[in-house]
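Structural description and commentary
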Amino acid sequence: NSNFDSEIEFLSEKNKFNEYVMLGLRTNFGVDLNKIRRQFGDSYFDYLLGHINNNINSEYVKFENNKLKLSKTGKKYADGIASDLFLV
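Here is a short report on the structure shown in this document.

To continue, consider the packing of aromatic side chains. The final tally for this structure, using the stated rule, is five aromatic pairs. An angle of 85 degrees between the planes, with centres 5.7 Å apart, marks the rings of F17 and F40 as edge-to-face. Taken together, the positions of F17 in helix α1 (residues 13–26) and F40 in helix α2 (residues 33–40) put the pair 23 residues apart, joining distant regions of the chain. Of the residues examined, F17 reaches a relative accessible area of 0% and is grouped as buried. Under the relative-accessibility criterion, F40 is labelled buried at 8%. Aromatic side chains F17 and Y47 sit 6.4 Å apart centroid to centroid with 75 degrees between the ring planes, which places their arrangement in the edge-to-face category.

Written as structure tokens, this is what we have:
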């Protein structure tokens, strides 16, 4: 008999996308655009590219080796940038 309750969380496709974007932006690995297209499909890929423009224009996000990464300034705003990209 265990005192620990185990909980299994099932994430929707949308939540998996949002989580991947959030975690990718917070790491040096970035958000792999090939992985977005492969794992989530063209509609998610197009959504991401359509919503990233404001942050690219403000130089918070950069493209590097087909990955989205935060600039040094962008790291200060990681949560806000991620929430701008979330699919709701």
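Within this structure, the stated rule accounts for four salt bridges. The partner of D79 in a salt bridge is R26, with the nearest N and O atoms 2.4 Å apart. With D79 in helix α4 (residues 78–85) and R26 in helix α1, this pair connects stretches of sequence that are 53 residues apart. Classification of D79 as partly exposed rests on a relative accessible area of 48%.

The next thing to look at is the packing of α2 against helix α3 (residues 42–57). Between α2 and α3, whose axes approach to 7 Å, the crossing angle comes to 145 degrees. Contacts between α2 and α3 involve L33, I36, R37 and F40 from the first element and D42, Y44, F45, D46, L48 and L49 from the second.

The next thing to look at is the side chain of S71. By secondary structure assignment, the location of S71 is in the loop between β3 (67–70) and α4. On the basis of relative accessible area, S71 is assigned to the buried category, the value being 11%. A distance of 2.8 Å separates the side chain of S71 from the backbone oxygen of E59, its partner in a polar contact. Aside from chain neighbours lying at most four places away, what touches S71 is E59, Y60, V61 and K62.

Analysis parameters
Residues numbered from 1 in each chain as written. Predicted model: local features only at pLDDT ≥ 70, side-chain atom pairs only at ≥ 80, totals over all residues. Heavy atoms only, no water. Phe/Tyr/Trp six-rings, centres within 6.5 Å; stacked < 30°, edge-to-face > 60°. Helix = DSSP H or I, 4+ residues; strand = E, 2+ residues; numbered from the N terminus. Buried < 20%, exposed > 50% of the residue type's maximum accessible area, 1.4 Å probe, protein only. Salt bridge = Lys/Arg side-chain N within 4 Å of Asp/Glu carboxyl O. Axes fitted to C-alpha atoms, helices over the stretch in contact; angles between N-to-C directions. Contact = heavy atoms within 4.5 Å. Polar contact = N/O pair within 3.5 Å; in protein donor to acceptor, adjacent residues only side chain to side chain.

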